[in-house]
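Residues per chain, in single letters:
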Amino acid sequence: LNETLYDNFGIHVDGNVEVDFSAFAKIINILGGVQIRLTSAEASYLNSNYGWNLAPGMCKLSGEHALAYSRIRAIGMDFERSQRQRNVLAAVVNQCKSMSLAQFQSIVNEVLPLITTDLSNNDILAYVMDLFPMLSGMSVSSQRVPADNAYQFANIDGLEVLLPDLEACRQQLLDSLMPKQ
């Protein structure tokens with residue numbers, strides 16, 4: 001991941017955390033599920049493909065539901081799929097905002113064996129102690145790459161792909177990571 005970010009965008013990131021599909025679902029379940037607003041199309045797709053009975057509107061999704069929701073490719077373009085993934089991440093942060101420090105530490109300790117990271121467990125626990133007081137006032141900001149107007153459609157070997165304007169994407173990432181004061 002670090003090499004991909006650096007090679008394509010010239011950005012070095014410390015402190016990556018990765019989860020596979022199984023860990024993703026387990027983490028959502030450890031949190032007790034997440035609140036996600038489903039569109040009619042999303043609820044219909046999930047119900048018809050998984051035999052569930054989800055209703056449009058605000059729903060509490062289990063790990064299995066949240067994973068399936070995050071992976072929907074049949075509705076919209078890939079941009080909508082990545083937005084669903086960002087919705088889940090924002091819901092996780094919102095779920096954590098109402099926790100006490102003891103609850104949050106307990107969750108972190110349960111989650112640590114499920115993640116792959118370049119941080120030590122001690123580093124993560126130190127971040128928890130330093131950043132937890134700010135969590136309740138935290139807002140989630142997200143974006144996607146490529147941004148609007150920073151790509152073009154192309155057909156390569158019979159496949160439709162997006163060709164990003166890497167310089168515009170680099171600048172977008174730099175602007176969001178290091179906003180001008």
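The structure under discussion appears in the preceding block.
Since this is a predicted model, take the numbers as computed values, not measurements.

## Observations regarding the side chain of Arg86
1) Next: Following the sequence through the fold, Arg86 ends up in helix 5 (residues 78–97).
2) Next: Salt bridges are absent for the buried Arg86, whose nearest opposite-charge side chain, Asp78, sits at 8.3 Å.
3) Next: Once you skip the residues sitting within four places of it in the chain, Arg86 turns out to touch Phe79, Ser142, Gln143 and Arg144.

## Digging into the pairing of strand 5 (residues 151–156)
1) Next: Both strand 5 and strand 6 (residues 159–164) contribute to a ladder of six bridges, which runs antiparallel. Residue pairing for strand 6: Gln152 is matched across the bridge by Leu163.
2) Next: Adjacent in sequence and paired antiparallel, strand 5 and strand 6 are bridged by two residues, among which Asp157 carries a positive phi angle near 55°.

## Remarks on the nonpolar core
1) Next: Of all hydrophobic cores here, the largest spans 34 residues; its most connected members are Val34, Ile36, Leu38, Leu46, Leu61 and Phe104.
2) Next: Where this core is concerned, the elements lending two or more residues are helix 2 (21–30), strand 2 (34–38), helix 3 (40–50), strand 3 (57–61), helix 4 (63–70), helix 5, helix 6 (101–111) and helix 7 (121–135).
3) Next: The contact partners of Leu61, leaving out residues within four places of it in the chain, are Ile28, Gly33, Val34, Ile36, Leu38, Leu54, Ala66 and Tyr69.

## Some details on helix 4
1) Next: Counting buried residues in helix 4 gives seven out of eight residues, a clear majority hidden from the surface.
2) Next: Turning to helix 4, its buried residues number three or more, namely Gly63, His65, Ala66, Leu67, Ala68, Tyr69 and Ser70.
3) Next: For helix 4, the elements touching its buried residues are helix 2, strand 2, helix 3, strand 3 and helix 5.

## Observations regarding the environment of Leu163
1) Next: Relative to the helices and strands, Leu163 resides in strand 6.
2) Next: Leu163 sits 158 residues away from Leu5 along the chain, and the two C-alpha atoms are 16 Å apart.
3) Next: Not counting chain neighbours up to four residues away, the residues in contact with Leu163 comprise Ala150, Tyr151, Gln152, Ala154 and Ile156.

## Quick look at the pattern of salt bridges
1) Next: Considering all chains together, one arrives at four salt bridges under this definition.
2) Next: The salt bridge partner of Glu42 is Arg84, with a shortest N-O separation of 3.3 Å. On the criterion of sequence distance, the pair formed by Glu42 in helix 3 and Arg84 in helix 5 is long-range, its members being 42 residues apart. Arg84 shares its class with Glu42; the two are buried.
3) Next: Residue Asp148 is joined to Arg144 by a salt bridge in which the shortest nitrogen-to-oxygen separation is 2.2 Å.

## Digging into the side chain of Arg84
1) Next: On the basis of relative accessible area, Arg84 is assigned to the buried category, the value being 3%.
2) Next: Engagement of the side chain of Arg84 in a polar contact is seen with the backbone oxygen of Ile72, the distance being 2.8 Å.
3) Next: In contact with Arg84, not counting residues within four places along its chain, are Glu42, Tyr69, Ser70, Ile72 and Ile75.

## Points about the environment of Pro146
1) Next: Relative to the helices and strands, Pro146 is located in the loop between helix 7 and strand 5.
2) Next: Considering only alpha carbons, one finds Pro146 and Gln172, 26 residues apart in sequence, at a separation of 8.9 Å.
3) Next: Not counting residues within four places of it along the chain, the set of residues in contact with Pro146 comprises Phe79, Tyr151, Leu162, Pro164 and Cys169.

## Some thoughts on the packing of helix 1 (residues 2–9) against helix 8 (residues 166–177)
Geometrically, a packed helix pair is captured by the angle between its two axes and the distance between the axes.
1) Next: Across the interface, helix 1 lies against helix 8 with an axial gap of 9 Å and an inter-helix angle of 115°. Facing Asp7, Asn8 and Phe9 of helix 1, the residues of helix 8 in contact are Leu166, Cys169, Arg170 and Leu173.
2) Next: The residue inventory of the contact of helix 1 with helix 8, partitioned by class, reads four nonpolar, one polar and two charged.

Reading the values: rules and limits
Residues numbered from 1 in each chain as written. Predicted model: local features only at pLDDT ≥ 70, side-chain atom pairs only at ≥ 80, totals over all residues. Heavy atoms only, no water. Helix = DSSP H or I, 4+ residues; strand = E, 2+ residues; numbered from the N terminus. Buried < 20%, exposed > 50% of the residue type's maximum accessible area, 1.4 Å probe, protein only. Lys, Arg positive; Asp, Glu negative; His and termini not counted. Salt bridge = Lys/Arg side-chain N within 4 Å of Asp/Glu carboxyl O. Contact = heavy atoms within 4.5 Å. Pairing = 2+ DSSP bridges. Core = buried A, V, L, I, M, F, W, Y, C linked by side-chain atoms within 4.5 Å. Polar contact = N/O pair within 3.5 Å; in protein donor to acceptor, adjacent residues only side chain to side chain. Axes fitted to C-alpha atoms, helices over the stretch in contact; angles between N-to-C directions. Nonpolar A, V, L, I, M, F, W, Y, C, P; charged D, E, K, R; others polar.

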